[in-house]
Amino acid sequence: MPVKILLVDDNENNLLSMEVSLEKEGYVFLRATSGREALRVLLHEEDISLILLDVMMPIMDGYETAELIYERDKLKQIPIIFITAHDYEEAAMFKGYQAGAVDFIRKPFNPEILRSKVAVFAELYQKNQLLTRQEEKLQAINNDLVQLNRELEQRVAERTVALENMNQELKALNLSKDKFLSVMSHDLRNPLTALLASSGRLSEDPESLSATQVKQLSQIIHRTSNKLLNQLNEVIDWAKKQSQKTSFFPEKMQLANGIEEALELLKANAQQKKIRLQNQIPADMEVMADSLMLRSIVQNLVTNAIKYTPEGGVVIVNAEKNGQMAYVYVEDSGIGMTAEIKERLFSKAGQASLSGTNNEQGSGLGMLLVSDFVGQHGGQINVDSAPGTGTTITFTIPAI
């Protein structure tokens, strides 16, 4: 970039002399014959490197001109060398430096001294320009690095979110698998046990059975088989819905009817232990519930109640409405449970199944499934039990 110098003097001959002395250096010159003209040039020209300013000028001298130049922020960085015909008196020099001068040259000037002093500031200007360009390049590089860092952080954040989502999906799939196993265990295996017991008795010694007993056993087998087929189809549908993440479909239903359907498949199990199942749900109570989930909830709870109730006991299912929720109670006359068992009842880490009063076995996943299904209905579950006093489990679902 060329070095542009503004020459300011009210005498044209002085302007010409300065140009002739400096022309071999390749500078670009701008002229002004007064302070006001100098200000006009500075307002219209960019990148002026140096000002050679005559002190003694009419109307506005060099000191006043320098003060007005430095009032503007964009002009404060331009160095000014005063050209003066006076001796270097201390007071005059102080006034010049106070106005903003960086140096003085006395008239008539020595061309060598003029070239030497101008060269110093020209070189300083060029170095400053070089530093400015380097700073701009560094700033551009820094901006690129900042942008790259932001993009990298964004990619890392996106990848982190994707991994977290994938991890959540894997957890959900694992939990879905556990739920499916639990449904298969509680909702299907227990009725199959009753089916096998009835068919086994029928096949072992049919001649010893009366016609009435054969009819009763065959009715149990037929009824249970149909129920199992229907329930198996529903479990398959439920598994498909799990994979599609659309498995929750609440609908208006008569609670007593939904409970009765859940108890139907458990009656044979209860009869084997001579346990009475009592559905005491008010006939007019309506709820908003997913029928498959509700049946799994009730079958899990009642299966456990049968499992831990000695022969000759009773399991009662009842309900009452309280505000916007229906409170469903599953009460048994069983062996109860300790505080420690209650504490880990709904914990996945504590899902080891305990043997029933007749050494019945289970998967240990049923209560985890119950808790999840009740939660999907926006309800809560509570256990009231103590050793030897039986157990009452209460869960809530939306009432109508």
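(A) Main features of the sheet that holds strand β1 (residues 4-8). The five strands lie next to each other as β2-β1-β3-β4-β5, forming an open sheet whose pairing is parallel. This sheet does not close on itself; its edge strands, each paired only once, are β2 (28-32) and β5 (101-106). Going across the sheet, the axis of each strand differs from the next one's by a mean of 20 degrees, ignoring polarity. Of the pairings in the sheet, the one linking β1 to strand β3 (residues 48-54) comprises five bridges and is parallel in character. Bridged to lysine 4 within β3 is isoleucine 48. Its contacts with the sheet put helix α1 (residues 12-22) on β1, β2, β3 and β4 (80-84), and the angle it makes with β2 is roughly 170 degrees.

(B) Main features of the packing of aromatic side chains. Summed over the entire model, instances satisfying the criterion amount to three aromatic pairs. Plain terms: the ring middles of tyrosine 27 and phenylalanine 29 are 6.5 Å apart, the flat faces sit at 90 degrees to each other, and that makes the pair edge-to-face. What makes tyrosine 27 buried here is its relative accessible area of 13%. Ring geometry for phenylalanine 82 against phenylalanine 104: centres 5.6 Å apart, planes inclined by 40 degrees, an arrangement best described as tilted. Placement of phenylalanine 82 in strand β4 and of phenylalanine 104 in strand β5 is noted, with a sequence separation of 22 residues between them. Residue class for phenylalanine 104 comes out buried when judged on its relative accessible area of 3%. An aromatic cluster is present here, built from Tyr63, Phe82 and Phe104 joined pairwise through their rings.

(C) View of the packing of helix α7 (residues 255-264) against helix α9 (residues 291-307). Look at α7 against α9: their axes get within 9 Å of each other, and the N-to-C directions meet at 55 degrees. With respect to α9, the axis of α7 lies oblique. Note that α7 runs across α9; the crossing there is right-handed. Of the residues in α9, those touching α7 at Leu255, Ile259, Glu261, Ala262 and Leu263 are Leu294, Arg295, Val298, Gln299 and Val302. Of the residues assigned to the contact of α7 with α9, the class counts are seven nonpolar, one polar and two charged.

(D) Geometry of the sheet that holds strand β11 (residues 381-385). Spatial ordering of the open sheet is given by β7-β9-β10-β12-β11, a layout of five strands whose pairing is mixed. Where the open sheet ends on each side, the last strands, each with one partner, are β7 (276-279) and β11. Here the average twist between neighbouring strands, direction ignored, is 15 degrees. Examined bridge by bridge, β7 and strand β9 (residues 314-322) share four bridges and lie parallel to one another. Paired with asparagine 279 across the two strands is valine 317, which belongs to β9. α7 rests against β7, β9, β10 (325-332) and β12 (391-398) of the sheet, and its axis sits at about 160 degrees to β7.

(E) Looking closely at the pattern of salt bridges. According to the stated counting rule, one finds 12 salt bridges in the structure shown. Across the pair lysine 4 and glutamate 45 runs a salt bridge whose closest N-O atoms are separated by 3.1 Å. With lysine 4 in strand β1 and glutamate 45 in the loop between α2 (35-44) and β3, this pair connects stretches of sequence that are 41 residues apart. Bridged by salt links that share partners, the residues Asp9, Asp54 and Lys107 form one connected network.

(F) Just helix α3 (residues 62-69), in detail. Buried within α3 are the following residues: Gly62, Tyr63, Thr65, Ala66 and Ile69. Along the axis of α3, the buried residues cluster in a sector spanning 160 degrees; they form a single face. Looking at where α3 begins, the residue whose side-chain oxygen comes 3.2 Å from the main-chain nitrogen of tyrosine 63 is aspartate 61.

Calculation rules
- Residues numbered from 1 in each chain as written.
- Predicted model: local features only at pLDDT ≥ 70, side-chain atom pairs only at ≥ 80, totals over all residues.
- Heavy atoms only, no water.
- Pairing = 2+ DSSP bridges.
- Helix = DSSP H or I, 4+ residues; strand = E, 2+ residues; numbered from the N terminus.
- Axes fitted to C-alpha atoms, helices over the stretch in contact; angles between N-to-C directions.
- Contact = heavy atoms within 4.5 Å.
- Phe/Tyr/Trp six-rings, centres within 6.5 Å; stacked < 30°, edge-to-face > 60°.
- Buried < 20%, exposed > 50% of the residue type's maximum accessible area, 1.4 Å probe, protein only.
- Parallel < 35°, antiparallel > 145°, perpendicular 65-115°, else oblique.
- Left-handed = near helix turned anticlockwise from the far one by under 90°.
- Nonpolar A, V, L, I, M, F, W, Y, C, P; charged D, E, K, R; others polar.
- Salt bridge = Lys/Arg side-chain N within 4 Å of Asp/Glu carboxyl O.
- Arc of directions from axis to C-beta.
- Polar contact = N/O pair within 3.5 Å; in protein donor to acceptor, adjacent residues only side chain to side chain.

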